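A look at the structure
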Protein chains: 2
Amino acid sequence: MKLISAGETAANTNNIPVEAGEDLARIGEMAKKYGVTLRTLRFYEDKGLLNPQRDGSTRLYTRRDKARLKLILLGRKVGFSLRDVKQMMDLYDPTGSNTKQLRLALDKSEKQLARLQKQRALIDDAINELSGSMSAVRQMLIERTTAPASAAS
Amino acid sequence: MKLISAGETAANTNNIPVEAGEDLARIGEMAKKYGVTLRTLRFYEDKGLLNPQRDGSTRLYTRRDKARLKLILLGRKVGFSLRDVKQMMDLYDPTGSNTKQLRLALDKSEKQLARLQKQRALIDDAINELSGSMSAVRQMLIERTTAPASAAS
DNA sequence: TATAGAATTGACGTAAACGTAAAAGGCGCA
DNA sequence: TGCGCCTTTTACGTTTACGTCAATTCTATA
């Protein structure tokens, strides 16, 4: 049983059970669609962040998996580790209010926000420090090219 | 008690402090003075960034080593890799104008500055994105606590 | 002299997020 | 039927800057 969904392969020659509208994607399509590598998708699965169905050994990603991947990528973008992302995702319960999940997410987010702000401060520091050094170096270069010889450090 | 200083000449075969003001420091003092660990100092040496003298097997750091360490730490602070720092330092020639060294430093600095600015932009992005998510989550939490039951996604 | 405090050289461990083969199975198509 | 493409699993490699023992030696001091 092979399931090819997607784009345009109108063929669909022989079989395909295809639960109406269930747009399943294989790993290659997923990778292309979300700009990640195959390795990355397998890695996420290995870490328990994704859990695609299987058709034999072939991974089939549902729209649920896509939603999860989007969340993962958002998490990465804002600097969460995969562990953090997993912790938050693991709390998701489709039958509940997910209050705990949301609280955890908020808690982690506050801490991450603080980290980001600290990082920004560090970077600003570095930028200033570097700019200063560059001015000094430029000045030294000018001296080297206008004055003839030595001048110690 | 053996303190051998003096860069080169004098044989200094036996002992005796020599060179009055040469304030040599051992690794422990260096570490304390500059807020790094022993491991770090040995690591820098291993990478060719420092080259303290030896009294037997004991490392002795001169003020030249101290100057170099300061530069290393400055480099690290502005985000240079140790490799970069080494490249720049390796061009230092106490007898020349060091124009090449300065040019390399300036060149690397410009690139590093660009990287830092890009990083800051990314962080700002992340901060915004995260702040937005947090608002959404807070809103969801409010709904969870005021409304009774379900609401998907 | 006994003991604590430095110092030495290995050398493996860590963290994150994949990269990069390697070897093999399956499928459609010309 | 052979080719090419997609996919699979396994597993070591990469990067950076050290951390963390371990075993040993040297030195200073009480």
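Residues numbered from 1 in each chain as written. Chains lettered and ligands numbered in written order. Predicted model: local features only at pLDDT ≥ 70, side-chain atom pairs only at ≥ 80, totals over all residues.

A short note on the overall build of chain A
Helix and strand content of chain A: five helices and two strands. By the burial criterion, 17% of the 153 residues in chain A qualify as buried. Expressed as a percentage of contacts within chain A between residues at least 6 apart in sequence, the contacts between residues at least 24 apart total 39%. (Helix = DSSP H or I, 4+ residues; strand = E, 2+ residues; numbered from the N terminus. Buried ≥ 20, exposed ≤ 12 C-beta atoms within 10 Å, placed from the backbone. Contact = placed C-beta atoms within 7 Å.)

Let's talk about unusual backbone geometry
Residue A:Asn98 is not a glycine yet carries a positive backbone phi of 60 degrees. Relative to the elements of secondary structure, A:Asn98 occurs in the loop between helix H4 (82-90) and helix H5 (99-146).

Examining the packing of H4(A) against H5(A)
Residue and element names in this part refer to chain A. The contact between H4 and H5 brings their axes to 8 Å, and the two run at 155 degrees. When the interaxial angle is binned, H4 and H5 end up roughly antiparallel. Where H4 approaches H5, its residues Asp84, Gln87 and Met88 are matched on the opposing element by Gln101, Leu104, Ala105 and Lys108. For the contact of H4 with H5, the class distribution of residues is three nonpolar, two polar and two charged. (Axes fitted to C-alpha atoms, helices over the stretch in contact; angles between N-to-C directions. Parallel < 35°, antiparallel > 145°, perpendicular 65-115°, else oblique. Nonpolar A, V, L, I, M, F, W, Y, C, P; charged D, E, K, R; others polar.)

Topic: the relation of the copies chain A and chain B
Turning chain A through 180 degrees and shifting it by 0.0 Å along the axis lays it on chain B, with an RMSD of 0.1 Å. This pairing of chains is accounted for by a two-fold axis. By C-alpha distance to the rotation axis, the residue of chain A lying nearest is A:Arg120, at 3.1 Å. Of the residues that chain A buries at the interface, 100% are likewise interface residues in chain B, meaning the two copies contact each other through the same surface. (Least-squares fit on C-alpha atoms with pLDDT ≥ 70 in both.)

Details of the protein's contact with DNA strand D
Taken together, 16 residues lie near DNA strand D, and A:Arg26, A:Gly28, A:Arg59, B:Arg39 and B:Thr40 sit nearest. Per-element tally for the surface near DNA strand D: the top contributor is helix H2 (residues 38-46) of chain B, with three residues. Split into classes, the residues belonging to the surface near DNA strand D amount to four nonpolar, seven polar and five charged. (Near = placed C-beta within 6 Å.)

Here's the deal with helix H3 (residues 63-77) of chain A
Each α-helix winds once per 3.6 residues, and so residues spaced three or four apart point in a common direction. Residues and elements named next belong to chain A. End to end, H3 covers 21 Å across 15 residues, agreeing with the expected 21 Å (1.5 Å per residue, within 8%). Along H3, the positions that sit buried rather than exposed are Asp65, Arg68, Leu69, Ile72 and Gly75. Down the axis of H3, the smallest arc covering the buried residues is 120 degrees, so these residues share one side. Among the exposed residues of H3, those pointing more than 90 degrees away from its buried face are Arg63, Ala67 and Lys70. Immediately downstream of H3, the backbone of Gly79 shows phi near 95 degrees, a positive value. (Expected span 1.5 Å × (residues − 1). Arc of directions from axis to C-beta.)

Thoughts on the protein's contact with DNA strand C
Surrounding DNA strand C, one finds 18 residues, the nearest of these being A:Arg39, A:Thr40, B:Arg26, B:Gly28 and B:Arg59. Put simply, the parts of the chain that give the surface near DNA strand C at least two residues each are helix H2 (38-46) and H4 of chain A together with helix H1 (27-34), H2 and strand E2 (58-60) of chain B. The greatest single-element share of the surface near DNA strand C, amounting to three residues, is contributed by H2(A). A class-by-class count of the residues in the surface near DNA strand C yields five nonpolar, six polar and seven charged.

Description of H5(A)
The end-to-end C-alpha separation of H5(A) is 70 Å, in line with the 70 Å expected for 48 residues at 1.5 Å each. When we look at burial in H5(A), the residues that qualify are A:Leu102, A:Ala105, A:Ser109, A:Gln112, A:Leu116, A:Ala126 and A:Leu130. Here the buried face of H5(A) lies against H4 of chain A together with helix H3 (63-77) and helix H5 (99-146) of chain B.

Focus on the interface of chain A and chain B
Taken together, the contacts link 28 residues of chain A with 28 residues of chain B. Ranked by residues supplied to the side of chain A that touches chain B, first place goes to H5(A) with 24 residues. In terms of residue class, the side of chain A that touches chain B is built from 14 nonpolar, nine polar and five charged.

What about the environment of A:Ile123?
Positionally, A:Ile123 belongs in helix H5. A sequence separation of 66 residues divides A:Ile123 from A:Ser57, and the C-alpha atoms of the two residues are 46 Å apart. Beyond its immediate stretch of four places on either side in the chain, A:Ile123 contacts B:Leu116, B:Gln119, B:Arg120 and B:Ile123.

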